[in-house]
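# Reading the structure
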Amino acid sequence: MKVLMLGWELPPHNSGGLGVACLGLAQALTRKGVNITFVLPRKINIQDPGFEVYFLDTDFEFENLKSAYTGLTGGVLKILMDDFPPDFVRGAMKFAEKIEKIAKLKNADVVHAHDWMTFPAGIVAQKKTKTPLIAHVHSTEIDRTGGNFPNPYVYAIEKEGLQLANKIIAVSNFTKNMIVDNYQIPPQKVAVVYNGIEKTSSQKLSPALAELKKMGYKIVLFLGRVTLQKGPEYFIKAAKRALEFNKKIIFVVVGDGDMMHFMIYEASRLGIADKMIFTGFLRGEEKDRIYQTADLYVMPSVSEPFGITTLEAIANNTPVLISKQSGVSEVLQNVLKVDFWDTEEMANKILSLVKYKSLGKVLRAESKKELVNINWHKSADECIKVYRSLV
Amino acid sequence: MSSICLYFHVHQPWRIKNYRIFDIGHDHDYFNDSSDTKLNNAKILRKVAEKSYLPANELFLRLLNRYKELKISYSITGVIIEQLMQYAPDVLESFIRLVDTGRVEILSETYYHSLAFFYSKKEFEKQVDLHSKIVKEIFGFTPKVFRNTELAYTNDLAIWAEDKGFIGIITEGWDNFLGWRSPNFVYKPVGAKSIKLLLKNYRLSDDMAFRFSERSWSQWPLTSEKYASWIHRINGNGEVVNLFMDYETFGEHQWKEHGIFEFLEKLPEEILKHPDNDFVTPSEACLKYPARDEIDVPGVVTWADTERDLSAWLGNAIQESALNFIYKLEKKILSSKDEKLIEDWRKMQTSDHFYYMCTKWFSDGDVHKYFNPYNSPYDAFISFMNAANDLKLRAKTRKLNIRNAKKLD
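Here the structure is a predicted model, which is why all the values come from computation and not from measurement.

Here we come to a positive patch on the surface. Together, K355 of chain A together with K328, K331, K332, K392, K396, K399, R403, K406 and K407 of chain B line one region of the surface with positive charge. The set of elements that each furnish at least two residues to the positive patch consists of α13 (330–336) and α18 (377–408) of chain B. It is α18 of chain B that contributes the most residues to the positive patch, 6 residues altogether. For R403 of chain B, the location among the structural elements is in helix α18. The class for R403 of chain B is partly exposed, based on a relative accessible area of 44%.

Listed below in structure tokens is the structure:
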């Protein structure tokens, strides 16, 4: 089975879950004997991932595109939300212009395109080589904007890709419903393939914020892009409510994004700036360390197609509280769940976890057991089923 | 000769509403959920009454009138009697009519359907007394056979029951301690003098209670005739067949639409077709048959899950800490002499609260999920612990008030 896989980023040049998911899935497929050519829009430095990676030479600043897609992570380009999509759309079109040659050369059995920036390229490959196209949806424009003013170009490209694709893979039922409801796609065209996690446990590291912990503070963590989709404002509201009740909690925000200024402003306005720490973006060991330091990881996303960070937190032995508006809540039972807007309940659960020791203990042990069943090996099997249905 | 002993367990807990940490110190009504969820006790009780209790009681009353040989028995907890009085007095009246036939026996148990035996012997005895009192008051009946919550049983419990004058005690007929022996005989608990032990025939009981409408079961559909033939087969190899199950089996767990009531309606006739069969109540079984052997249960057996132990209530650290917390309050609560406080504390001892915190969903799975009115075991734990902390605070406040009042004197 030969697969032409179209992606946008791969670790360590990733801005979020998309690159991580592409890598995990492509590696697991490779292990199962699937022959993958992974096409990226331009040259980046990566370690050999174990499958063939092909770089196109789109004369486009990759960093710009990356920032655009992720709501300004990393702070490379401080442009406003409203400014980015045209750049971004242009990048997607460049990708499409350049794809034909490699597509013809590889003559794959299926084209597998990850998220909308690769959909125009996917469609070109599909038409030029008469190969079935799979559109893999890791997030939609509706998720990214929380349904508020989705960019019409992006939405149009997404919709065209989903309609022309021979089959769609969604990372959760949550995303499947989003596709069916907002893009007028028949449900039987959409298969659900959950993401997995590579490492189900992490090496134990010395904790960060040791002094605070020694003083009896509990650490509650937000880790993700600080942007509307991830619900940071609900995190801060819940923090305010929880601190009214228990002052011995520190709320840590890891990540960056367009709502960073808002967050800092809100923290001071609510009078809780002394109980909040903003670390910026963390990677690798530093990221594992902060997960391990936390007594609770909170993912208050407004609309989360999957939510791989939840799995990372669990792998680091940290209990999690996630919004019900997430794909990962479909596969995890041993976690705390709330509606993202219910900050009163979010605070209640944060405070309860801090107050009742046994709660964290059981969540930690039981969620870890669940992690074993959420792996890329399983995701790859599901993907292969989709491939087989098309060739 | 085979005697059939039918015994049904009737119980609904006072479920605790979603009680947040912010409610501690402000809201002392833990059981008054009025939402559309499964935490609304009044709503659940009315639903179960319509689907199960009322039609089942009516059917049994009809059957008792039709077959003079028929006998049945119930264990009805104090907490459901309270709820029936409040939300479904018609159900309570129909139970009274059943007992008035003289062929319906009521068993003894803890009023609050608690696991107090394993935490506080004194509290346990108090709850058994409270139950005897209300059964006497409502039904004019004095129970002679004891069943503990969830049929939780151990040697010591049998000795206790004997000391209290019970003539029989009931538990699960579990293979672990039975070995090659059959549950279809009356036994004697080890170390006891005269008290008898009745063991649930879980295969036959579960055929009716769990498998009745399971289409993937090789014996589906289960007819009264087929079921009676299985009982006839025991003839000669056993003396009493104990069919014990939740009363909600009829109409709630097994639906009317799947024919459970038709099955029940024809069952006595099919069983009585065999001239050697008859029906007995648990106390009659104890009097009628001698103990054939001695049963030793040094650990704890229950009727739950594949493990038949207490792990459904006490299998993880949240359950353990919740149970310890509530029983640790005993002295404080009782010394408050505040009746409402004591009552609330006892309502929180009902085993169901701890069952809802069970996390072994994936192996024993759906049964737990089906019976859980909370979204997760963790939600159940949080509401419970918050309410329990309010309870603790009330006891403390009460103590302070008493002390201050004394000072004023």
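Peptide bonds are, in most cases, trans, and in most cases residues other than glycine have a negative phi. Here the amide bond leading from P11 of chain A into P12 of chain A is cis, since omega sits at 5 degrees, within 30 degrees of zero. Structurally, P12 of chain A can be placed in the loop between β1 (2–6) and α1 (17–31). A cis geometry characterises the amide bond from W220 of chain B onward to P221 of chain B, with omega recorded as 0 degrees. Even without glycine at this site, D115 of chain A takes up a positive phi of about 65 degrees. Along the chain, D115 of chain A falls in the loop between β4 (110–114) and α4 (119–129).

Turning next to the interface of chain A and chain B. Each partner contributes residues to the interface: chain A has 24 residues there, and chain B has 19 residues. Between chain A and chain B, the buried area comes to about 2,000 Å², and carbon and sulfur atoms account for 65% of it. Together, Q333, Y356 and V362 of chain A form the three largest contributors to the area buried by chain A at its contact with chain B, with a combined 28%. Linking chain A with chain B are 3 salt bridges, by the criterion used here. In this structure, D379 of chain B and K349 of chain A form a salt bridge, with 3.1 Å as the shortest nitrogen-oxygen distance. Where chain A packs against chain B, one counts 10 residue pairs in polar contact (both at pLDDT 80 or more). Elements that contribute at least two residues to the side of chain A that touches chain B include exactly α9 (232–245), α13 (343–355) and α14 (357–371) of chain A. Per element, the largest residue contribution to the side of chain A that touches chain B is 8 residues, and it comes from α13 of chain A. Here the side of chain A that touches chain B is built from residues that sort into 9 nonpolar, 5 polar and 10 charged.

With that out of the way, let us pick up the nonpolar core. Among the nonpolar cores identified, the biggest contains 165 residues, and Y74, F139 and F250 of chain B are the most heavily contacted of them. Those residues within four positions of Y74 of chain B in sequence are excluded, and the remaining contacts are Y7, F8, V10, N57, F60, F95, L98, V104, E105, I106, L107 and Y247 of chain B. Judged by nonpolar contacts, the second largest core, of 94 residues, contains L25, F38, L133 and Y183 of chain A.

Before going further, it helps to examine the domain arrangement of chain B. Residue and element names in this part refer to chain B. Segmenting chain B into domains produces domain 1 (2–295) and domain 2 (311–408). Placing a centre on the C-alpha atoms of domain 1 and another on those of domain 2 gives a separation of 25 Å. Domain 1 puts 38 residues into the contact, and the matching count from domain 2 is 33 residues. For the domain 1 face of the interface with domain 2, the top three residues by lost area are I16, Y112 and Y119, together amounting to 22%. In this structure, the salt-bridge partner of R346 is E123, at a minimum N-O distance of 2.6 Å. Our count for the contact surface shared by domain 1 and domain 2 stands at 20 residue pairs in polar contact (both at pLDDT 80 or more). Take the side of domain 1 that touches domain 2: its biggest share by element is 5 residues, from helix α4 (residues 121–139). Per-class residue counts for the side of domain 1 that touches domain 2 are 15 nonpolar, 11 polar and 12 charged.

Turning our attention to the packing of helix α2 (residues 78–87) of chain B against α4 of chain B. Residue and element names in this part refer to chain B. The N-to-C vectors of α2 and α4 enclose an angle of 40 degrees; their axes lie 10 Å apart at closest approach. Overall, the two elements α2 and α4 adopt an arrangement that is oblique. The two elements α2 and α4 cross, and the hand of that crossing is left-handed. Seen from α2, the contacting residues are G78, I81 and M85; seen from α4, they are H131, I134, I138 and F139. Here the residues of the contact of α2 with α4 sort into 5 nonpolar, 2 polar and no charged.

Calculation rules
- Along each chain, residues carry numbers from 1 onward, in the same order as the chain's sequence is written.
- Chains and ligands are labelled sequentially in the order written, the chains with letters from A and the ligands with numbers from 1.
- In keeping with the model being predicted, local features are shown solely for residues with a pLDDT of at least 70 and side-chain atom pairs are shown and tallied solely at 80 or more, while totals for entire chains, interfaces and linings include all residues.
- Calculated side-chain values reflect all of the structure's heavy atoms, with hydrogen atoms and water omitted.
- Patch membership needs two things, relative accessible area over 30% and no salt bridge, and members are linked within 9 Å if like-charged or within 5 Å if nonpolar (Val, Leu, Ile, Met, Phe, Trp, Tyr).
- Computed with the Shrake-Rupley method and a 1.4 Å probe, the accessible areas treat only the protein chains shown as cover for residues.
- The rule for a salt bridge is simple: a side-chain nitrogen of Lys or Arg has to be within 4 Å of a carboxyl oxygen of Asp or Glu.
- In this count, Lys and Arg are taken as positive residues and Asp and Glu as negative ones, while His and the chain termini are left out.
- For this purpose, a charge sits on NZ of Lys, CZ of Arg, CG of Asp or CD of Glu.
- Each helix corresponds to a stretch of at least 4 residues labelled H or I by DSSP, and each strand to a stretch of at least 2 residues labelled E; elements are numbered beginning at the N terminus.
- Burial classes follow relative accessibility: with a 1.4 Å probe on protein chains only, a residue under 20% of its type's maximum area counts as buried, one over 50% as exposed, and anything between as partly exposed.
- The contact definition used throughout considers only heavy atoms, calling two residues in contact when any of these lie within 4.5 Å.
- Simply put, the buried area is the total loss of 1.4 Å probe accessible area from both parts when two parts are fitted together.
- Here a polar contact means two N or O atoms within 3.5 Å. Within protein one must be a hydrogen donor candidate and the other an acceptor candidate, and residues neighboring in sequence count only if both atoms are side-chain atoms.
- Charged means Asp, Glu, Lys or Arg here, nonpolar means Ala, Val, Leu, Ile, Met, Phe, Trp, Tyr, Cys or Pro, and polar covers whatever is left, Gly included.
- To form a nonpolar core, buried Ala, Val, Leu, Ile, Met, Phe, Trp, Tyr and Cys residues must be joined to one another through side-chain atoms within 4.5 Å.
- The domain boundaries here were taken from an automatic or database domain assignment.
- For helices, the fitted axis covers only the stretch in contact; all axes are lines through C-alpha atoms, and the angles between them, taken along N-to-C directions, range from 0 to 180 degrees.
- Orientation labels follow simple angle bins: below 35 degrees gives roughly parallel, above 145 gives roughly antiparallel, 65 to 115 gives roughly perpendicular, and whatever is left gives oblique.
- Left-handed describes a crossing in which the near helix is turned anticlockwise from the far one by less than a right angle; the clockwise case is right-handed.

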